[in-house]
2 protein chains.
Amino acid sequence: MAEPKQERALKTRGDILYAAASAFDELGYKGASMREIMRRAGVTLGAVYFHFENKEALARAVILAQPQELVPRLHSEGIQRLVDFSLVWAHQLNVNPLMRAAVRLAVEQQAYGIGNDVSYGDFETLFEGWLKEAEDKGELAPGVDPAIVAEFLVGAFTGIQHYAHLAGSTDTLPERVIRMWRLLLPGVAKPKVAERIELDPVRGE
Amino acid sequence: MAEPKQERALKTRGDILYAAASAFDELGYKGASMREIMRRAGVTLGAVYFHFENKEALARAVILAQPQELVPRLHSEGIQRLVDFSLVWAHQLNVNPLMRAAVRLAVEQQAYGIGNDVSYGDFETLFEGWLKEAEDKGELAPGVDPAIVAEFLVGAFTGIQHYAHLAGSTDTLPERVIRMWRLLLPGVAKPKVAERIELDPVRGE
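Residues numbered from 1 in each chain as written. Chains lettered and ligands numbered in written order. Predicted model: local features only at pLDDT ≥ 70, side-chain atom pairs only at ≥ 80, totals over all residues. Heavy atoms only, no water.

J.: Hey, could you run me through the overall build of chain A in this one?
T.: A tally of helices and strands in chain A yields 11 helices and 0 strands. Helices and strands appear in chain A in the N-to-C order α-α-α-α-α-α-α-α-α-α-α. Whereas a compact globule of 205 residues would reach a radius of gyration of roughly 17 Å, chain A reaches 19 Å, a difference of no more than 12%. Counting across all 205 residues of chain A, residues that qualify as buried make up 53%. Looking at chain A alone, contacts between residues at least 24 apart form 67% of all its contacts between residues at least 6 apart. When the accessible area of chain A is evaluated, it comes to approximately 9,200 Å², of which 51% is carbon and sulfur surface. Here chain A carries 23 positive and 28 negative side-chain charges, and the mean point of each set is 6 Å from the other. (Helix = DSSP H or I, 4+ residues; strand = E, 2+ residues; numbered from the N terminus. Rg over C-alpha atoms; globule rule 2.2 N^0.38 Å. Buried < 20%, exposed > 50% of the residue type's maximum accessible area, 1.4 Å probe, protein only. Contact = heavy atoms within 4.5 Å. Areas by Shrake-Rupley, 256 points an atom, 1.4 Å probe, with all protein chains shown as cover. Lys, Arg positive; Asp, Glu negative; His and termini not counted. Charge placed at Lys NZ, Arg CZ, Asp CG, Glu CD.)

Written as structure tokens, this is what we have:
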């Protein structure tokens, strides 16, 4: 069992992370000050700096927290797990400030030089693992390389999200993701597997 | 025939546009000043402001000039035209400063509030037209909607480019685009059409 002191520290760290996410989500990286994040977390500025060296470290922690927000919600295997991941992701992007902030920061990172492609690499590794599992289960179409599909999916999800956001319709993301799978499944999955994959937005909620 | 005066004005406008592109490409939107663009174009600051109201107008013109840099290089029809477009685009992004600047600006536009999704919409309209042509030629797989594929492709290309850029390997773009088509063609084209589509990076050069 963790000591109460450690527990408290973990809770404070989490509070600061979510406060930072809500500030980044609403104000962007540039607009969110450490003081504003402190105010939203209801802690002292000293506590903020105890847990995070600077705003860049906070932004990086928000970006890296994405998988923890998504993966525990998944309960399927193989290709269906990948599909469910994309549906959960599309839904959480609309309702979860941490996810919204992470995406805004990932897009802004080129402009402000925050972090690098590390969160993308995390997702690619996750996807590749699930696709290898799908391969072992005999779900993949002949000649499909898990690594190549994983790399493509990271790019495709990023772009679909970016385009939906620019078009002012992030709420269309679940539908856009389902359309992508309809186009992609014939090239990725064996026909019998593709047939039984469920593409229902409710799976992401 | 255009009058020499008009011709000269058009040439100056083009010089300024390419000077702006090279400055945006190297320095980003924030880093490129109107004075720097003037210096690179070899014109007066007055000439810059005669053709472009402000830096935002220049950025928007660079973004909107993309199709003119790409479409005249295409010589095929139907799905092959879309494939060739993506190969030309992937190649030009590595060699053409205007294309590089346009992409950097499109990614930065969320951070600096330049423009909107207008260039994406232009590409979507182009793609949809070519896909309708492919539909008329009987190339599309049953049930494939040109509008849905066009929308997906704009997002996918954006994301693939963004991810390649973050991974520091824009030179892998032609290969990434070809991998995408291998995954996508079975869901988009009739099998006989998919078979004869040429996916050679040389087609983009």
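J.: Just to check I follow, could you spell out the relation of the copies chain A and chain B for this structure?
T.: By a simple turn and slide, chain A fits onto chain B: the slide is 0.0 Å along the axis, the RMSD is 0.0 Å, and the turn is 180°. The superposition operator between the copies reduces to a two-fold rotation axis. Taking C-alpha positions as the reference, the residue of chain A nearest the rotation axis is Gly159(A), at 1.8 Å. In this assembly, 100% of the residues forming the interface of chain A have copies in chain B that are likewise at the interface, indicating an isologous arrangement. (Least-squares fit on C-alpha atoms with pLDDT ≥ 70 in both.)

J.: Quick question: what am I supposed to make of the interface of chain A and chain B here?
T.: It is common to report an interface's size as the accessible area lost on association of the parts. Taken residue by residue, the interface counts 35 residues in chain A and 35 residues in chain B. Both sides of the chain A and chain B interface together cover about 3,200 Å² of buried area, and 67% of this is carbon and sulfur. Here Glu151(B) ties to Arg176(A) by a salt bridge, and the two come within 3.8 Å at their closest N and O atoms. The interface formed by chain A and chain B includes 6 residue pairs in polar contact (both at pLDDT 80 or more). Taken together, the elements giving at least two residues each to the side of chain A that touches chain B come down to α7 (97-112), α8 (118-136), α9 (146-166) and α10 (173-188) of chain A. (Buried area = accessible area lost by both parts, 1.4 Å probe. Salt bridge = Lys/Arg side-chain N within 4 Å of Asp/Glu carboxyl O. Polar contact = N/O pair within 3.5 Å; in protein donor to acceptor, adjacent residues only side chain to side chain.)

J.: What am I meant to see in the packing of α9(A) against helix α10 (residues 173-188) of chain B here?
T.: Any two packed helices are characterised by the angle at which their axes cross and by the distance between the axes. Look at α9(A) against α10(B): their axes get within 10 Å of each other, and the N-to-C directions meet at 105°. Relative to α10(B), the element α9(A) lies roughly perpendicular. Each of Ile148(A), Val149(A), Glu151(A) and Phe152(A) in α9(A) lies in contact with α10(B), whose residues at this interface are Arg176(B), Arg179(B), Met180(B) and Leu183(B). (Axes fitted to C-alpha atoms, helices over the stretch in contact; angles between N-to-C directions. Parallel < 35°, antiparallel > 145°, perpendicular 65-115°, else oblique.)

J.: I'm lost on the packing of α9(A) against helix α9 (residues 146-166) of chain B in this one. Help?
T.: Here α9(A) crosses α9(B) at 115°, and the two axes come no closer than 6 Å. Every pair of crossing elements has a handedness; the one defined by α9(A) and α9(B) is right-handed. Contacts from Glu151(A), Phe152(A), Val154(A), Gly155(A), Ala156(A), Thr158(A), Gly159(A), Ile160(A), His162(A) and Tyr163(A) of α9(A) reach α9(B) at Glu151(B), Phe152(B), Val154(B), Gly155(B), Ala156(B), Thr158(B), Gly159(B), Ile160(B), His162(B) and Tyr163(B). Here the residues of the contact of α9(A) with α9(B) are counted per class, giving 10 nonpolar, 8 polar and 2 charged. (Left-handed = near helix turned anticlockwise from the far one by under 90°. Nonpolar A, V, L, I, M, F, W, Y, C, P; charged D, E, K, R; others polar.)

J.: Could you clarify how one ought to interpret the environment of Pro142(A) in this entry?
T.: As for its placement among the helices and strands, Pro142(A) is situated in the loop between α8 and α9. Linking Pro142(A) and Gly187(A), residues 45 residues apart in sequence, is a C-alpha distance of 9.2 Å.

J.: I would appreciate a short explanation of the environment of Tyr29(B) in the present structure.
T.: Relative to the assigned elements, Tyr29(B) resides in helix α1 (residues 4-31). Sequence separation between Tyr29(B) and Leu105(B) is 76 residues, and the spatial gap between their C-alpha atoms is 6.7 Å.

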